[in-house]
Protein chains: 2
Amino acid sequence: MDGSSQADALTIAIETLTARFPGQLTTGRGLRDEHAQGDSWHLPAAPDAVFFAESGEEVSALLTLCNDLRLPVIPFGAGSCIEAQVQAHRGGISLDLTRMDEILAVRTEDMDCTVQCGVTRQQLNADLRATGLFFPVDLGAQATLGGMAATRASGTTTVKYGSMKDLVLSMTVVLPDGEIIKTGARSRKSSAGYDLTRLLIGSEGTLGVITELTLRLFGQPDCAQAAMCSFDTIDAATRMVVEALQMGVGLNRIELADQLQMQAINAYAGSDWPEKATLFLDLTGSEPAVAYDLTILEELARENGALRFDKAETRDAYGAIWRIRHSALYASRSLRPGAKGISTDVCVPISRLPECIHEIGKVVKESRIVAPLVGHVGDGNFHLVLLCDPEDEEEFTRAKAVNETLIKMAIAMEGTSTGEHGVGLGKKDYMALEHGGALKLMRTIKRAVDPNDIMNPGKIFDL
Amino acid sequence: MDGSSQADALTIAIETLTARFPGQLTTGRGLRDEHAQGDSWHLPAAPDAVFFAESGEEVSALLTLCNDLRLPVIPFGAGSCIEAQVQAHRGGISLDLTRMDEILAVRTEDMDCTVQCGVTRQQLNADLRATGLFFPVDLGAQATLGGMAATRASGTTTVKYGSMKDLVLSMTVVLPDGEIIKTGARSRKSSAGYDLTRLLIGSEGTLGVITELTLRLFGQPDCAQAAMCSFDTIDAATRMVVEALQMGVGLNRIELADQLQMQAINAYAGSDWPEKATLFLDLTGSEPAVAYDLTILEELARENGALRFDKAETRDAYGAIWRIRHSALYASRSLRPGAKGISTDVCVPISRLPECIHEIGKVVKESRIVAPLVGHVGDGNFHLVLLCDPEDEEEFTRAKAVNETLIKMAIAMEGTSTGEHGVGLGKKDYMALEHGGALKLMRTIKRAVDPNDIMNPGKIFDL
């Protein structure tokens, strides 16, 4: 659509929505700017208007209208996405879903729940506390569950429980033409037809809007134990991880921080952990299972030449270890106050992890960018925060080049350009390299489901 | 296409394929009949020809040709599917993939492997034995892994390891126009674009042909313990299952057999197990974890009024319990020798399981059909074998009516018409009831991916 016809469409949309849903649409600069960027490091791009939906029916009404008018709609949850998934780079309406924050049902006997898309995982887990159940996907951000499904989010406990892809049973979705559908059943499994749930998870709002989710829940484990463990090389740390996974040790989390990240943590927290490649380990289960697995881990650590193996002997010590891990991002940033970080993540087969980390380490060194590394090493997934001065264009370009090298390296190693952050605008240039002919099939599906290209257009790939 | 133009197309296809791939195409009655029905109870429908593919490139050549000619292609693996997925009810070419049975790579460090689609799970596990790894999806049939992915298969260990949907990392797929694509990466997770892997898993050959699969593997557990446990009611058995799941007991399998199934087993095996609702339990993990979980299960059994709790104290006893469970289907059939069984499965949220089993029990009783029941009760999934005389049309109709009642009941309980057998021709009449408007989206995708409707046409749904 050319600019003038989009402007006309917008005028009609604003008039229609304002009349029909008083107080739910704004074109004010402040709110538009708040919906321009989220937490991402990419350039902001404000929408023309922001619509606050309060129900699935309202989402449907909005989409029906915008589909008729050929006007872009960009779903917006907590705005915690990193790869510019919420940027309105083609204008249109940002669809704010945060008012849809109701927990609709918790079924303890079925160990599942149904929530509106705007519920955050923190809100859900607070609500679940008394039931003894919890929802395990554990990431850094205060993200909404709808947004987490849309980007196929995962996190520290994915090694044990899986990612959003594994834990959503069914969803209510509004399609681009306004039709409201339900994907999947509430049963634990089904072989009845195409897996629309999984097709929509990770589609980043390009195929429709997720308005409700039915999620699997789990019992709080009886016992949890943590440990930290330092190595001279990342290679040795990874070897230990592989062995622990092969032995089926009940790992709830197994996280890696590199030397620089540990320096950052010490500087930030005033601690004196060895500034070496460090594993953060978390075991959960029954008491005898955890106790046994902890001895196995200790043995594996020793066999792989660990320098130290510090167990958390108390509940406080357990909490402290995970506070240290969760402070990693803030600690990173304090390595270079005021610097903006290009936050990136890739995922490779675990056998390739030492090589990938080693090779990108050389590239980082050459680039002179400060870039600490943390990773969900049990999944072969790691994050690099490339700290650079946003005002210094030359440095920013160097940082972006490191990111590009990392992405290409991960793909060459049979891995992926992103393990959990998604594509958005940030990684779409690499989709052809990563997917080859499969990208054409993605485009075929997009064209069929959203023929007018109104849903988050230009994200993941261009048509 | 009308009959005469399909006949012309077939003539061209046969000539072309015979010339290009000598010895790989047959129109002989014997082989066509072998590809007409598989293990399903549905009426046979022989293809016009059978093509034995030996590589992905050959599959591509076949599809390119048949797409040009608008000729149906029906993928065929072990033929172990139940809902008429392999019937050539619109004629065309049965694509036999059993010659593509090579294990291409086993990567012990990454705990994954890549296989051609015609490899059976038994073949893979035999090959893996020396590595200490195994592939866990455990179903009754000697199925091929390609077929298992195509029907989104699961089985007794799904409660612990998940189904095919959870354990396939990536696939090579030939699309209807002959293009060969690779879906997904070999890394443990990815957020890079649409989840084509999951879209194709469970698509029953209607969107393309899966030719290679990269699968997750797991370490053989150190220790395994089994037990059998009888209850007066299915309700009590289910209550125990729910409690065990909530407590996070390391269940590898938790299977249910009803009273009639236990009678069948006793008659078949000459055993004297209580003829009551019975749970078959399997715990795997480290020795202390299993020992502890076994005491928990024993306690839960007692609290829920179990009549007996028989532990397998030896390796032989462990094997015996699982031999009994695996003999269930044969034992069922011996309840009425010569009778054909309508084998059906549904899956419901676990809280609805007692009611579902109770209500269908009443329907079965009224119908006077003999119908033993076994189930993967940890997933809310159960199978009913409706034993009836294939020659007795009236009885066959009664048995089909029971199946229909069961399907509608499961859907009304927020469950699904099939937990693991798939749709094929057998359950397609219920897709509209189960999926509502979502069925339209499935059709949209099918039309976009396979515009000439050559891939297993008329399965899952009609266009």
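Residues numbered from 1 in each chain as written. Chains lettered and ligands numbered in written order. Predicted model: local features only at pLDDT ≥ 70, side-chain atom pairs only at ≥ 80, totals over all residues. Heavy atoms only, no water.

## Here we look at the relation of the copies chain A and chain B
Mapping chain A onto chain B is achieved by rotating through 180° and translating by 0.0 Å along the same axis, at an RMSD of 0.0 Å. This pairing of chains is accounted for by a two-fold axis. Of the C-alpha atoms belonging to chain A, the one lying closest to the rotation axis is found on Ala289(A), 2.1 Å away. In this assembly, 100% of the residues forming the interface of chain A have copies in chain B that are likewise at the interface, indicating an isologous arrangement. (Least-squares fit on C-alpha atoms with pLDDT ≥ 70 in both. Contact = heavy atoms within 4.5 Å.)

## Here's the deal with empty space enclosed by the protein
For the coordinates displayed, the defined rule picks out seven cavities of 30 Å³ or more. Forming the boundary of the largest cavity are 14 residues, of which Asp110(A), Arg188(A), Pro349(B), Ile350(B) and Gly378(B) lie nearest the centre. What lines the second largest cavity is Tyr194(A), Arg90(B), Thr206(B), Lys446(B), Asp453(B), Asn456(B), Pro457(B), Gly458(B), Lys459(B), Phe461(B), Asp462(B) and Leu463(B). Residue composition of the lining of the second largest cavity, grouped by class: four nonpolar, three polar and five charged. (1 Å grid on protein atoms, 1.4 Å probe; cavity = no way out; pocket = protein on both sides within 12 Å on 5 of 7 lines; lining within 4 Å. Points joined across faces, edges and corners; volume = space filled by probe spheres on them. Nonpolar A, V, L, I, M, F, W, Y, C, P; charged D, E, K, R; others polar.)

## Structural notes on unusual backbone geometry
Residues and elements named next belong to chain A. You will see that Arg368, though not glycine, has its phi angle at about 65°, which is positive. Relative to the elements of secondary structure, Arg368 occurs in the loop between α14 (353-367) and β17 (373-376). At Ile460, a position not held by glycine, the phi torsion is positive, near 70°. With respect to the helices, strands and loops of the structure, Ile460 is situated in the segment after α17 (438-449). (Helix = DSSP H or I, 4+ residues; strand = E, 2+ residues; numbered from the N terminus.)

## Side note on the side chain of Lys428(A)
Residues and elements named next belong to chain A. Along the chain, Lys428 turns up in the loop between α15 (393-412) and α16 (431-435). In this structure the side chain of Lys428 is engaged in a polar contact, spanning 2.8 Å, whose partner is the side chain of Asp462. Ignoring sequence-local partners within four residues, the contact set of Lys428 consists of Val423, Gly458, Ile460, Phe461 and Asp462. (Polar contact = N/O pair within 3.5 Å; in protein donor to acceptor, adjacent residues only side chain to side chain.)

## What about the interface of chain A and chain B?
With 78 residues of chain A at the interface, the matching set in chain B holds 78 residues. Interface area lost by chain A to chain B is led by Lys189(A), Ser191(A) and Tyr194(A), which between them contribute 15%. At the boundary of chain A and chain B, one finds eight salt bridges. Lys189(A) is the salt-bridge partner of Glu420(B), the closest N and O atoms lying 2.9 Å from each other. Looking at the side of chain A that touches chain B, the elements that each hand over two or more residues are α7 (164-167), β9 (180-183), α8 (196-200), α9 (234-246), α11 (287-303), α16 and α17 of chain A. Taken together, the residues of the side of chain A that touches chain B break down into 28 nonpolar, 28 polar and 22 charged. (Buried area = accessible area lost by both parts, 1.4 Å probe. Salt bridge = Lys/Arg side-chain N within 4 Å of Asp/Glu carboxyl O.)

## With respect to the sheet that holds strand β3 (residues 73-76) of chain A
Residues and elements named next belong to chain A. The mixed open sheet is built from four strands, whose spatial order is β1-β2-β4-β3. Lying at the two open borders of the sheet, with one neighbouring strand each, are β1 (25-26) and β3. Lying over the sheet, helix α3 (residues 56-69) contacts β2 (49-52), β3 and β4 (93-96), oriented at roughly 170° with respect to β4. (Pairing = 2+ DSSP bridges. Axes fitted to C-alpha atoms, helices over the stretch in contact; angles between N-to-C directions.)

## Here's the deal with the packing of aromatic side chains
Applying the stated criterion to the full structure yields twelve aromatic pairs over all chains. Ring centres of Phe21(A) and Phe51(A) lie 5.4 Å apart, and the angle between their planes is 70°; on these two criteria the pair is classed as edge-to-face. On the criterion of sequence distance, the pair formed by Phe21(A) in the loop between α1 (3-20) and β1 and Phe51(A) in strand β2 is long-range, its members being 30 residues apart. With relative accessibility at 10%, the residue Phe21(A) sits in the buried group. Judged by relative accessible area, Phe51(A) falls into the buried class, the value being 0%. Ring geometry for Phe461(A) and Tyr194(B): centres 5.5 Å apart, planes at 75°, overall edge-to-face. In this pair, Phe461(A) is assigned in the segment after α17 and Tyr194(B) in the loop between β9 (180-183) and α8 (196-200), connecting two distinct chains. (Phe/Tyr/Trp six-rings, centres within 6.5 Å; stacked < 30°, edge-to-face > 60°. Buried < 20%, exposed > 50% of the residue type's maximum accessible area, 1.4 Å probe, protein only.)

## Quick look at the pattern of salt bridges
Enumeration according to the criterion identifies 61 salt bridges over all chains in this entry. The closest approach of N and O atoms between Lys428(A) and Asp462(A), which form a salt bridge, is 2.8 Å. Here the residue Lys428(A) occupies a position in the loop between α15 and α16, and Asp462(A) occupies one in the segment after α17, the gap between them amounting to 34 residues. For Asp462(A), a relative accessible area of 32% gives the class partly exposed. Salt-bridge contacts for Asp235(B) lead to Arg239(B); the nearest nitrogen and oxygen are separated by 3.8 Å. With a gap of four residues between them, Asp235(B) and Arg239(B) both fall in helix α9 (residues 234-246), about one helical turn apart. Its relative accessible area of 41% is what places Asp235(B) among the partly exposed residues. The class of Arg239(B) is partly exposed, set by a relative accessible area of 37%. Here the salt bridges share partners, and the residues they tie into one network are Arg90(A), Lys428(A), Lys446(A), Asp450(A), Asp453(A) and Asp462(A).

## What to know about the environment of Thr214(A)
All names here are of chain A. Within the secondary structure layout, Thr214 lies in strand β10 (residues 209-216). Residue Thr214 is classed as buried on the basis of its relative accessible area, which comes to 5%. When residues no more than four places from it in sequence are discounted, the contact partners of Thr214 are Arg107, Asp112, Cys113, Thr114, Leu167, Val168, Leu169, Ser170 and Arg186.

## Re the pairing of strand β10 (residues 209-216) of chain B
The side chains of a regular strand alternate, residue by residue, between the two faces of the sheet. All names here are of chain B. Judged by how many residues are buried, β10 sits mostly within the fold: six of eight residues are covered. Here five bridges tie strand β6 (residues 112-116) to β10, and the two strands are oriented antiparallel to one another. Bridged to Cys113 within β10 is Leu215. Note that strand β8 (residues 168-174) and β10 share six bridges and pair antiparallel. In the strand pairing of β10, Val174 is matched with Val209.

## Some words on the environment of Gly458(A)
All names here are of chain A. Examined against the element boundaries, Gly458 turns out to sit in the segment after α17. Note: C-alpha distance between Gly458 and Thr206 (252 residues apart in sequence) is 8.5 Å. If near-sequence neighbours (up to four positions away) are discounted, Gly458 is found in contact with His89, Arg90, Leu425 and Lys428.

## Section: the packing of helix α14 (residues 353-367) of chain B against helix α15 (residues 393-412) of chain B
All names here are of chain B. Packing of α14 against α15 leaves a shortest axis separation of 10 Å and a crossing angle of 165°. When the interaxial angle is binned, α14 and α15 end up roughly antiparallel. Read as a crossing pair, α14 and α15 show a hand that is right-handed. Judged by residue contacts, Cys356, Glu359, Ile360, Val363, Val364 and Ser367 of α14 engage Arg398, Val402, Thr405, Leu406 and Met409 from α15. Of the residues that constitute the contact of α14 with α15, the class distribution is seven nonpolar, two polar and two charged. (Parallel < 35°, antiparallel > 145°, perpendicular 65-115°, else oblique. Left-handed = near helix turned anticlockwise from the far one by under 90°.)

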